Amino acid sequence: MGAAALLLSLDQIVKWVVATNLPPGEVVAVTAWFNLVHVLNPGASFSFLADAGGWQRHALIAVGVAVSATLAALLWRGVRTRLEMIAYVGMIGGALGNVVDRMRIGAVIDYLDLHWRDTHWPAFNLADIFVVGSAALLIWASFRPGLAGGPAGQGNST
């Protein structure tokens, strides 16, 4: 679980840098298709439930903690491949990175803004990359069950 803690810490450090150097709502153009922004998202992905009145904060914290605990238990029991282990660790680190934001400030700090002309993808952060990237790894692992070797073992320290 040390690797998940490292990912969580990395996510929080980057969010701290953004929050201390970029006022909320500020946009810094980096390229023709990428901006750095400082957005507070009280909802989930794509700002789902952002205007729900506040109850979503506690619900999303509970979901993030429950998913992370479930994945940690699955890791403890052992997974089939190292690829699955890496994916579970990434999901735990990413989920808890956003849980920490929700607990600390009531919203998630997003700062990566991809766009094409005036069409913007919803802003996101490193924790979101960990979660989505890990989900992609799990999908890949499901099609390639022997890709990363034998069982990752029980009680891994990653």
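Residues numbered from 1 in each chain as written. Predicted model: local features only at pLDDT ≥ 70, side-chain atom pairs only at ≥ 80, totals over all residues. Heavy atoms only, no water.

### Looking at the pairing of strand S3 (residues 108-116)
Right, on to step 1. Burial analysis of S3 places 7 of its 9 residues in the buried class, which makes it a mostly covered element.
Right, on to step 2. Pairing analysis gives 6 bridges linking strand S2 (residues 34-41) to S3, with the strands arranged antiparallel. When the sheet's bridge partners are listed, leucine 36 is paired in S3 with leucine 112.
Right, on to step 3. In the sheet, S3 pairs with strand S4 (residues 119-120) via 2 bridges, with the strands oriented antiparallel. Residue pairing across strands places histidine 115 opposite histidine 120, the latter belonging to S4.
Right, on to step 4. The antiparallel hairpin formed by S3 and S4 contains 2 residues in its connecting segment, where arginine 117 sits at a positive phi of about 55 degrees. (Buried < 20%, exposed > 50% of the residue type's maximum accessible area, 1.4 Å probe, protein only. Helix = DSSP H or I, 4+ residues; strand = E, 2+ residues; numbered from the N terminus. Pairing = 2+ DSSP bridges.)

### Re helix H4 (residues 126-143)
Right, on to step 1. Given a rise of 1.5 Å per residue, 18 residues ought to cover 26 Å, and the 26 Å separating the end C-alpha atoms of H4 matches this to within 8%.
Right, on to step 2. If you check which residues of H4 are buried, you get Leu126, Ala127, Phe130, Ser134 and Ala141. Across the axial projection of H4, the buried residues extend over an arc of 100 degrees, all falling on one side. Opposite the buried face of H4, by more than 90 degrees, sit the exposed residues Val132, Ile139 and Phe143. (Expected span 1.5 Å × (residues − 1). Arc of directions from axis to C-beta.)

### Here's the deal with the pattern of salt bridges
Right, on to step 1. Counted under the stated rule, the structure contains 4 salt bridges.
Right, on to step 2. Between arginine 80 and glutamate 84 there is a salt bridge whose closest N-O contact spans 2.7 Å.
Right, on to step 3. The residue arginine 104 makes a salt bridge to aspartate 101 at a minimum N-O spacing of 3.8 Å. Taken as a pair, arginine 104 and aspartate 101 lie in helix H3 (residues 82-105) at a separation of 3 residues, close to a single helical turn. (Salt bridge = Lys/Arg side-chain N within 4 Å of Asp/Glu carboxyl O.)

### Digging into the packing of H3 against H4
Right, on to step 1. Running from amino to carboxyl end, H3 crosses H4 at an angle of 155 degrees, the nearest separation of the two axes being 7 Å. Taken together, the axes of H3 and H4 are roughly antiparallel relative to one another. Of the two possible hands of crossing, H3 and H4 adopt the one that is left-handed. Here Leu83, Glu84, Ile86, Ala87, Tyr88, Gly90, Met91, Gly94, Ala95, Gly97 and Asn98 of H3 lie close against H4, whose contacting residues are Ala127, Asp128, Phe130, Val131, Ser134, Ala135, Leu137, Leu138, Trp140 and Ala141.
Right, on to step 2. Residues that form the contact of H3 with H4 fall into these classes: 14 nonpolar, 5 polar and 2 charged. (Axes fitted to C-alpha atoms, helices over the stretch in contact; angles between N-to-C directions. Parallel < 35°, antiparallel > 145°, perpendicular 65-115°, else oblique. Left-handed = near helix turned anticlockwise from the far one by under 90°. Contact = heavy atoms within 4.5 Å. Nonpolar A, V, L, I, M, F, W, Y, C, P; charged D, E, K, R; others polar.)

### Remarks on helix H1 (residues 2-21)
Right, on to step 1. Compared with the 28 Å implied by 1.5 Å per residue over 20 residues, the 29 Å span of H1 between its first and last C-alpha is a close match.
Right, on to step 2. Ala4, Asp11, Gln12, Lys15 and Val18 are the residues of H1 that are buried. End-on, the buried residues of H1 take up no more than an arc of 120 degrees, which puts them together on one face. Projecting away from the buried face of H1 at angles above 90 degrees are the exposed residues Leu6, Trp16 and Asn21.
Right, on to step 3. Elements that come into contact with the buried residues of H1 comprise S2, H3, S3 and H4.

### Thoughts on the sheet that holds S4
Right, on to step 1. Read from one edge of the open sheet, 4 strands run S1-S2-S3-S4, paired in antiparallel fashion. Taken across any chain shown, the strands that pair with only one partner, and hence form the sheet edges, are strand S1 (27-29) and S4.
Right, on to step 2. Seen against the sheet, H1 touches S2 and S3 and runs at an angle of roughly 80 degrees to S3.

### Examining the environment of arginine 80
Right, on to step 1. Mapped onto the elements of the fold, arginine 80 is located in the loop between helix H2 (55-77) and H3.
Right, on to step 2. Considering only alpha carbons, one finds arginine 80 and alanine 141, 61 residues apart in sequence, at a separation of 9.3 Å.

### Quick look at the pairing of S2
Right, on to step 1. As paired elements, S1 and S2 share 3 bridges and run antiparallel to each other. When the bridges of S2 are listed, alanine 29 appears paired with asparagine 35.
Right, on to step 2. Here S1 hands over to S2 after 4 residues, the two strands then running antiparallel side by side.

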